[in-house]
Structure formats: structure tokens, C-alpha cells
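Here's the letter readout for the chains.
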Amino acid sequence: MNAVADKNLPGTDAQERGLLRFITAGSVDDGKSTLIGRLLFDSKGIFADQLDAISRARHKRTVGDMIDLSLLTDGLEAEREQGITIDVAYRYFATPKRKFIIADAPGHEQYTRNMVTGASTADAVIILVDVSKVKIDEQGRAELLIQTKRHSTIAQLLQIEHVIVAVNKMDLVDYDRRVYDCIVAAYQEFAAALGLKDIHTIPMSALAGDNVVVRSEQMDWYDGPTLIELLESISVYDDEHAAALRFPVQLVARHNGHEANDFRGYMGRIEAGTVKKGDRIVVQPGGHSATVKDILTLDGSLASASAGKSVTVLLDEYVDISRGDMLAAADAPAAVLKNFCADVCWLSEEPLDLRRKYWLKHTTRQVAAKVTGIQSLLDINTQQRQEGTELKLNGIARISLTVQQPLAADAYDAVRATGSFILIDEISHQTVAAGMIRLD
């Protein structure tokens with residue numbers, strides 16, 4: 001854990017510098033949208049017509065001719081009028097070293113579900129801390145805001161690997177190093193108790209552009225990387241590449257079912273591991289074994305394919321396989337579950353009703369499910385689990401579920417793609433919860 005980010009930046013291998021998905025989070029008015037706008041502006045990621053449009057915007061919140069960079073992501077009319085972020089806004093930009101997808105998540109507690117949605121695919125999270133809102137006592141102990149703790153807890157819950165703490169608005173405290181050090185010390189202590197590991201901290205001013213893309217002349221005491229340098233160097237090597245094969249079948253492809261030598265391929269996206277010709281696989285949840293005959297793409301046959309690749313797999317044996325089944329490594333299959341526990345974030349305005357039935361969507365499989373009980377509710381503000389009988393909007397709880405047909409799944413901690421699911425209301429067809437399977 002770094003109080004000041006190390007100059008020896010992580011992830012320098014070219015293979016680890018692929019597309020980086022990251023999310024910004026923080027309390028209300030911490031400067032999330034302004035930070036993204038500054039990143040886009042200073043990295044030349046804004047078109048001239050966009051710059052002209054925001055410079056003439058009627059909801060700008062800056063003085064004089066200064067451009068309100070937050071308007072680049074606060075796209076909804078209600079957001080611009082209120083000066084807040086409501087929806088998750090996605091922006092794309094690139095530098096000579098890397099491509100990025102940014103998700104700007106709302107800071108309000110009532111939009112926790114929006115942050116969970118935006119963070120579910122993120123490789124890194126930037127948690128903004130507004131120095132002007134943090135109280136520091138005479139002993140130098142800083143009191144972190146509730147939303148800082150809330151968003152850090154969600155990052156830990158969703159297993160986001162990299163956490164960047166952007167100590168923002170340093171210009172409001174005259175770039176005082178003592179204030180920065182007090183906040184970093186408080187966050188280090190909190191993060192250690194929470195279990196966060198790869199943490200980097202950067203003092204900055206998004207409005208003035210200090211340490212975002214350009215190094216600050218006001219903070220010569222900071223010798224770490226700027227934000228863009230850190231983002232360019234973070235490793236995005238996916239642990240799923242080293243995991244056992246997980247291949248949910250999306251479609252069974254056939255050319256002509258009336259021919260004896262009919263083509264039969266199983267199409268889908270490899271969610272974990274690597275598949276090679278000649279590999280022994282097991283079809284789950286059924287349990288039948290087969291051998292990989294060929295691996296096809298639009299570019300032709302492949303000897304092997306790894307996580308993230310969409311392919312068509314051919315088998316030597318004829319096995320009963322349909323959409324929703326999973327091809328897994330024969331020597332390391334997934335767990336087959338009918339009763340299990342999961343952490344869920346409740347997304348619906350209607351609270352959980354244990355009497356209702358839901359559809360559970362897991363990879364390409366959809367089964368009927370029933371929530372049999374609430375084991376505990378997570379108080380994100382205190383990070384404590386407590387007893388409870390009601391799960392409401394934005395609530396996070398550990399629940400017990402029973403599914404009508406077995407699922408081939410992994411713990412979310414092991415493989416995110418095969419350890420996650422959503423619950424769908426059987427009547428309204430609305431997504432009511434996002435879940436993470438726990439097998440401990």
C-alpha cells in the first residue's frame with residue numbers, strides 16, 4: 001500500500017496495457033465530473049464542437065471565461081441544472097499508450113445501485129476525496145466521509161483490483177502537504193481493515209489541472225506519477241486467463257440437420273481459462289465428458305483460444321448440449337449448485353419479498369429461483385453485518401437462494417463472470433438485484 005505512489009509504476013509489460021475500464025466515485029460535489037473533463041481536455045480527447053458547446057452552456061458553474069469541464073459528462077438536463085451526477089455516464093478516450101473507458105458514477109447514497117452497475121466491469125476505481133470536507137483534529141486524525149467508506153466498501157465487494165485515492169481540491173488548502181498526509185493515513189487505516197490491497201494516492205486539483213495530466217508546480221513535495229501516468233501503467237492482466245476453462249454455451253450451431261455428417265458447433269465467449277484442440281472437457285451441469293475437436297472463428301481454425309475470445313467449439317463426441325450449459329475443464333469443473341449463498345445489491349424500488357419467485361440469469365442460463373432467507377444486512381457506513389428482515393432499494397445483503405435447475409458456477413472471488421448473476425422479477429421482468437456467489 002502506497003502513501004505516495006511509487007515511481008516504479010506497475011504493469012509495464014505491453015500485454016498488460018490493454019483497454020482499461022475505470023470508474024470515478026466519491027461524495028456529492030467532490031469533483032468527479034470535473035476530473036473526467038480535465039482528463040479529456042488535457043489529453044486532447046475533446047472535439048472542437050464539444051468544447052464550443054460547453055463553453056456556451058447555460059448551466060455552467062464556473063466564473064468568467066473558465067470552461068466548466070464537468071458538463072462533458074453531466075449530460076442529462078436535470079444533472080446540469082442541479083450540478084450533480086444522476087446516471088452513470090460513459091466516455092471513451094485514448095492516449096498513445098492506452099485506450100480507456102470511463103464510468104462517472106453518481107455520489108448520492110440514493111444512487112448506490114448506479115455505482116454498482118458501473119463498477120461491475122471496472123478494472124480500477126478512482127475514489128475522490130474533497131479535502132475541504134474532511135475534518136482533521138489537533139492530533140492530525142482525519143475523519144473520512146461516509147460516502148468515501150461506502151464506495152470503498154463497494155469496490156472491495158466487487159473485487160476491483162486497483163484503487164486510486166484522488167485527494168482533490170488541494171488548491172483550497174494552499175496545497176498543504178500535512179492535510180494530504182493526514183487524509184492518506186486515515187484512508188490507509190480504513191483500507192487495511194476493509195481488505196483493500198493495491199492502493200495509490202495522488203494529491204491534485206481537477207479544476208486547476210494539478211497532477212491530472214500535467215505535473216503540479218505547486219506540489220513539488222509530491223514525487224509520484226500524475227493520474228494519467230498511473231492509469232497508463234496499471235496492469236489489466238486478467239486473472240481469468242490463468243483459471244480453469246469456463247465456456248458458457250450461447251448457441252448450438254448446425255448447418256443442415258438432415259445430413260448424417262451434419263456440422264454441430266457450440267458458440268459462446270470464453271469467460272475463463274484456455275481451450276485447446278484435444279482437451280478433455282465436461283459438460284455442466286449434466287456431467288458428460290467429451291474431447292475438443294476444433295476451435296473455429298471467422299478467421300478460421302485455431303489451435304487454442306483464451307478468456308475473452310468468442311469462438312465456436314467442435315467436439316469429437318455427440319453430447320446433449322444446449323444454450324445455458326457450460327463447457328468446463330474436466331480436471332477442474334465448476335461447482336454444481338441448487339442451494340447457495342450470495343451477496344446482492346437490491347436495485348428495485350419494491351423491497352425483497354420472500355414469497356415471490358424470481359428468474360435468475362447466470363451467464364447464458366436462466367432458471368427459476370426463490371430467495372429462502374436473508375442471512376445478514378451489510379451496513380456500508382460501518383462495514384458491519386447485522387440481522388435484518390427487509391432488503392430495500394440500494395441495500396446490500398447476504399441471502400440464501402434455491403434454484404429450480406442446477407447451476408454450474410464459481411465463487412465470485414475466483415471467476416467474476418461465472419460467479420455473478422442478476423435476479424429478474426417474474427411478473428414485471430425488471431432486474432431487481434445484482435448478485436455475487438459466495439462459496440465459503
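Asks: How should the packing of helix H5 (residues 146-157) against helix H6 (residues 177-194) be read in this particular structure?
Replies: The geometry of a pair of packed helices is captured by two quantities: the angle between their axes and the separation between those axes. In contact at an axis separation of 11 Å, H5 and H6 are set at 35 degrees when each is read in the N-to-C sense. Our pair here, H5 against H6, has a crossing hand that is right-handed. Of H6, the residues touching H5 (which contributes Thr-148, Lys-149, Ser-152, Thr-153 and Gln-156) are Tyr-187, Phe-190 and Leu-194. For the contact of H5 with H6, the per-class residue count stands at 3 nonpolar, 4 polar and 1 charged.

Asks: I tried to follow the side chain of Asp-343 on my own but got confused; where do I start?
Replies: Along the chain, Asp-343 falls in strand E18 (residues 335-346). For Asp-343, a relative accessible area of 1% puts it in the buried group. A polar contact is formed between the side chain of Asp-343 and the side chain of Arg-385, at a distance of 3.3 Å. Aside from chain neighbours lying at most four places away, what touches Asp-343 is Leu-157, Arg-385, Ala-397, Arg-398, Ala-434, Gly-435, Met-436 and Arg-438.

Asks: How do you make sense of the environment of Gln-383 when you look at a structure like this?
Replies: Along the chain, Gln-383 turns up in the loop between strand E20 (365-379) and strand E21 (384-386). Filtering out sequence-adjacent residues up to four positions away, Gln-383 remains in contact with Lys-149, Thr-153, Phe-190, Leu-194 and Leu-378.

Asks: I would appreciate a short explanation of the pattern of salt bridges in the present structure.
Replies: Between side chains of opposite charge, a pair can form when the charged atoms approach closely. If you walk through the whole model with that rule in mind, you get 17 salt bridges. A salt bridge links Arg-355 to Asp-353; the shortest N-O distance between them is 3.1 Å. According to the relative accessible area criterion, Arg-355 is exposed, its value standing at 72%. Here Asp-425 ties to Arg-356 by a salt bridge, and the two come within 2.9 Å at their closest N and O atoms. Of the two residues, Asp-425 sits in strand E23 (residues 420-425) while Arg-356 sits in the loop between E18 and strand E19 (358-362), which places them 69 residues apart along the sequence. Taking the relative accessible area as the measure of exposure, Arg-356 reaches 23% and is therefore partly exposed. Taken together, the shared-partner salt bridges in this structure form one network comprising Asp-343, Arg-385, Arg-398, Asp-413 and Arg-438.

Asks: When you look at unusual backbone geometry in this model, what are you seeing that I'm missing?
Replies: Across residues other than glycine, the phi torsion is negative in most instances, and most of the peptide bonds are trans. Residue Pro-285 is bonded to the preceding Gln-284 through a cis peptide linkage, with omega at 10 degrees. Structurally, Pro-285 is set in the loop between strand E12 (280-284) and strand E13 (288-297). Residue Gln-159 is not a glycine yet carries a positive backbone phi of 60 degrees. Position of Gln-159 among the secondary structure elements: in the loop between H5 and strand E7 (162-168). The partly exposed category is assigned to Gln-159, whose relative accessible area is 33%.

Asks: Honestly, the nonpolar core in this entry has me stumped. Any pointers?
Replies: By size, the foremost hydrophobic cluster in this structure holds 71 residues, and its most contacted members are Phe-22, Ile-126, Tyr-187, Leu-227 and Leu-231. For this core, the element with the most residues is H6, which contributes 10 residues. With near-sequence residues (within four places) excluded, Tyr-187 lies in contact with Ile-127, Leu-144, Thr-148, Ser-152, Val-163, Val-165, Leu-196 and Ile-199. With 25 residues, the next largest nonpolar core counts Leu-337, Tyr-358, Ala-369 and Ile-437 among its residues.

Asks: Just checking my understanding: could you explain the packing of helix H4 (residues 112-119) against H5 for this structure?
Replies: Orientation of H4 relative to H5, taken along the N-to-C sense of each, is 40 degrees, at an axis distance of 10 Å. Viewed along their axes, H4 and H5 adopt a mutual orientation that is oblique. Here H4 and H5 pass one another in a crossing that is right-handed. Contacts between H4 and H5 pair Thr-112, Met-115 and Val-116 from the former with Arg-150, His-151 and Ile-154 from the latter. Within the contact of H4 with H5, the residues separate by chemical class into 3 nonpolar, 2 polar and 1 charged.

Criteria and thresholds
Every chain is numbered independently, its residues counted from 1 as its sequence is written. Local features are withheld for residues below a pLDDT of 70 in this predicted model, meaning they are given only at 70 or higher, and side-chain atom pairs are given and counted only at 80 or more; totals for whole chains, interfaces and linings count all residues. The side-chain quantities take in all heavy atoms of the structure and omit both hydrogens and water. In this analysis, axes come from line fits to C-alpha atoms, helices being fitted only over the stretch in contact, and the angle between any two N-to-C directions falls in the range 0 to 180 degrees. Working definition: helices are DSSP H or I runs of at least four residues, strands are E runs of at least two. Numbering for both runs from the N terminus. By the definition used in this description, the sense in which the near helix is turned from the far one sets the handedness, with an anticlockwise turn below a right angle giving left-handed and a clockwise turn giving right-handed. We call two residues in contact when some of their heavy atoms are within 4.5 Å. Residues were grouped as follows: Ala, Val, Leu, Ile, Met, Phe, Trp, Tyr, Cys and Pro as nonpolar; Asp, Glu, Lys and Arg as charged; and all remaining residues, including Gly, as polar. With a 1.4 Å probe rolled over the protein chains alone, any residue whose accessible area is under 20% of its type maximum counts as buried; one over 50% counts as exposed, and the rest are partly exposed. Between N or O atoms, a polar contact is any pair within 3.5 Å; within protein, one atom must be a potential hydrogen donor and the other a potential acceptor, and residues adjacent in sequence are included only when both atoms are from side chains. Within this document, salt bridges are pairs made up of a side-chain nitrogen of Lys or Arg and a carboxyl oxygen of Asp or Glu, the two lying within 4 Å of each other. By nonpolar core is meant a set of buried Ala, Val, Leu, Ile, Met, Phe, Trp, Tyr and Cys residues that side-chain atoms within 4.5 Å join together. Roughly parallel covers angles under 35 degrees, roughly antiparallel covers those over 145, roughly perpendicular covers 65 to 115, and oblique covers all other angles.

Everything listed here is a matter of geometry and, on its own, says nothing about what the molecule does.
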